[in-house]
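The primary structure of each chain is shown beneath.
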Amino acid sequence: MKVTVLMENTAPAGCALAPEHGLSFWIETGEQTILLDAGASGQFADNAAKLGVDLDRADFAVLSHGHRDHANGLGRFFAANAHAPVYLRATAPAPLYAKKPAGYVFVGMDRAMYQTYQDRFIPVDGFRQLADNVWLVPKTVADPQFDSRETTLLQKRGEADYIPDDFSHEHALVFRQGDQLIVFSSCSHGGIVNIVRSVQQQLDSLPVKTVLGGFHMYSPGVNDLNCPPEYVHSVARELKSMGVEQVWTGHCTGPRALSILEEELAGRAAALTTGLQISL
């Protein structure tokens with residue numbers, strides 16, 4: 001499997017690729033070619049062209065969840081690819097908000113884009129196999145010890161009722177490679193440990209070899225964390241105890257959390273960045 005990071009918050013100094021707060025993966029397995037997420041603006045498509053990635057080759061695409069920094073570049077994907085469907089949770093187009101100091105800010109997917117291309121979207125409820133050895137897997141394990149510590153993300157109900165987001169619009173993209181699993185969890189709002197456990201629960205308890213994605217541990221501030229440092233340590237230790245051999249993370253994980261993960265996982269954790277190519 002070859003993975004190319006088409007968009008991430010960072011890019012190597014001096015390169016021609018543009019970063020943004022978003023995430024997009026191009027995944028080539030030999031049997032399928034898949035786009036996972038499309039960043040916030042469509043710049044992922046410009047990066048793809050510079051990297052020699054032909055978006056028209058995608059057999060299908062997956063939207064990991066309904067937030068704009070993963071969904072709103074899909075208009076560029078549809079312009080470049082006239083045939084590939086996009087799989088998403090049925091609840092992904094929900095009115096999703098974040099509570100900021102200035103008030104409630106809409107952070108969901110672009111409604112006009114969704115309505116324009118609605119026939120290209122395939123809603124998924126729960127577990128679904130997409131191809132041989134490829135699945136979409138929802139979170140089914142909810143251990144409070146490893147739930148996400150994010151408190152500012154909400155769903156709007158009615159005219160002015162905001163409730164905590166239950167992240168039912170999120171799922172992981174999972175591949176079987178031999179007798180092991182590779183898990184892509186773009187933001188891991190449900191908590192990456194709970195998500196990995198959910199994957200194993202629904203896929204015959206197979207070991208998870210590699211995890212790629214963001215862990216939603218970042219918040220601007222003194223420590224750049226939305227959680228206590230011990231939470232990050234405990235997540236890293238639990239992933240290690242579960243047998244995860246490699247973690248590639250970035251986007252919403254944040255540099256402070258990444259440094260803790262690197263410390264705990266001792267060579268098993270590495271940073272994602274725009275343009276990175278990974279062979280698995």
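Scroll up a little and you will see the structure.
The present account deals with the structure reproduced in this document. Counting starts from 1 at the beginning of each chain's written sequence and moves along it residue by residue. Predicted model: local features are reported for residues with pLDDT of at least 70 only, side-chain atom pairs are reported and counted for 80 or more only, and whole-chain, interface and lining totals are derived from all residues. Side-chain figures throughout are based on the complete set of non-hydrogen atoms in the structure, without hydrogens or water.

## Some thoughts on the sheet that holds strand β2 (residues 24-28)
Within a sheet, each strand pairs with its neighbour through backbone hydrogen bonds, oriented either parallel or antiparallel. The criterion, for reference: When DSSP finds two or more bridges between a pair of strands, those strands are recorded as paired. What counts as a helix is a DSSP run of H or I of at least four residues, what counts as a strand is a run of E of at least two, and both are numbered from the N terminus. What counts as an axis is a line fitted to C-alpha atoms, over the stretch in contact for a helix, and the angles between N-to-C directions run from 0 to 180 degrees. The contact criterion used is simple: two residues touch if any of their non-hydrogen atoms lie within 4.5 Å.
Overall, mixed pairing links the seven strands, which are arranged β8-β5-β4-β3-β2-β1-β18 in an open sheet. The open sheet is flanked by β8 (121-124) and β18 (277-279), the only strands paired with a single partner. Across the sheet, the mean angle from the axis of one strand to that of its neighbour is 25 degrees, orientation sign disregarded. Relative to strand β1 (residues 2-7), helix α1 (residues 43-50) is tilted by about 130 degrees, and along the sheet it contacts β1, β2 and β3 (33-36).

## As for the sheet that holds strand β11 (residues 153-157)
Here four strands make up an open sheet; going across it, the order is β7-β6-β11-β12 and the pairing antiparallel. Each of the sheet's edge strands pairs with one partner strand only, and the pair in question is β7 (103-106) and β12 (161-164). Averaged over all pairs of adjacent strands, the angle between their axes in this sheet comes to 45 degrees, without regard to strand direction. In terms of strand pairing, strand β6 (residues 96-100) meets β7 through four bridges, oriented antiparallel. In the strand pairing of β7, A98 is matched with V105.

## Focus: the pairing of β1
To be explicit about the condition: Note on classification: 1.4 Å probe, protein chains only; a residue is buried when its accessible area is under 20% of the maximum for its type, exposed when over 50%, partly exposed between these limits.
Of all six residues making up β1, five are buried, and the element is well covered by its neighbours. As paired elements, β1 and β2 share five bridges and run antiparallel to each other. Bridging across to β2, M7 finds its partner in S24.

## Some points on the packing of aromatic side chains
Note the following rule: Only Phe, Tyr and Trp rings are paired, with Trp represented by its six-membered ring, and only when their centres lie within 6.5 Å; those with planes under 30 degrees apart are stacked, over 60 edge-to-face, the remainder tilted.
Taken as a whole and judged by the stated rule, the model has ten aromatic pairs. Among the aromatic residues, those joined into a ring-pair cluster are F77, F78, Y114, Y117 and F121.

## Topic: helix α6 (residues 229-241)
How we decide: Helix span is expected to be 1.5 Å times the residue number reduced by one.
For α6, built from 13 residues, the straight-helix expectation of 18 Å at 1.5 Å per residue is met to within 8% by its first-to-last C-alpha distance of 19 Å. Every buried residue belonging to α6 is among Y231, V232, H233, S234, V235, A236 and L239, and all of these are buried. Tucked into the core, α6 has its buried residues touching α5 (192-202), β16 (246-249) and α7 (255-265).

## Examining the packing of α5 against α6
Test applied: The scheme is simple: roughly parallel for angles under 35 degrees, roughly antiparallel for over 145, roughly perpendicular for 65 to 115, oblique for anything else. In the scheme used here, Gly and all other residues not listed as nonpolar or charged are polar, with Ala, Val, Leu, Ile, Met, Phe, Trp, Tyr, Cys and Pro taken as nonpolar and Asp, Glu, Lys and Arg as charged.
Contact geometry of α5 with α6 gives a least axis separation of 9 Å together with a crossing angle of 20 degrees. Between α5 and α6, the angle is such that the two are roughly parallel. In contact with I192, V193, V196 and R197 of α5, α6 contributes V235, E238 and L239. Grouping the constituent residues of the contact of α5 with α6 by class yields five nonpolar, no polar and two charged.

## A short note on the side chain of T273
How we decide: Polar contact criterion, stated in full: a pair of N or O atoms within 3.5 Å, where within protein one must be able to donate a hydrogen and the other to accept it, and residues adjacent in sequence count only if both atoms are side-chain atoms.
Examined against the element boundaries, T273 turns out to sit in the loop between β17 (269-271) and β18. A relative accessible area of 18% places T273 in the buried class. Only 2.9 Å separates the side chain of T273 from the side chain of T10, close enough to count as a polar contact. In this structure, T273 is in contact with V5, E8, T10, A11 and P12, ignoring residues within four places of it in sequence.

## A short note on the side chain of D165
Among the structural elements, D165 can be located in the loop between β12 and β13 (172-177). Among the polar contacts made by the side chain of D165, one reaches the side chain of Q155 at a distance of 2.9 Å. Contacts of D165, omitting those with residues within four sequence positions, involve H67, L96, L153, L154 and Q155.

## Quick word on α1
Basically, it comes down to this: To be clear, the arc concerns the directions from the helix axis to the C-beta atoms.
The complete set of buried residues in α1 reads F44, A45, N47 and A48. The arc that holds the buried residues of α1, viewed along the axis, is 160 degrees, so those residues lie on one side. Within α1, the exposed residues directed more than 90 degrees away from the buried face are A49 and K50. Looking at the buried residues of α1, the elements they touch are β1, β2, β3 and α3 (74-80).

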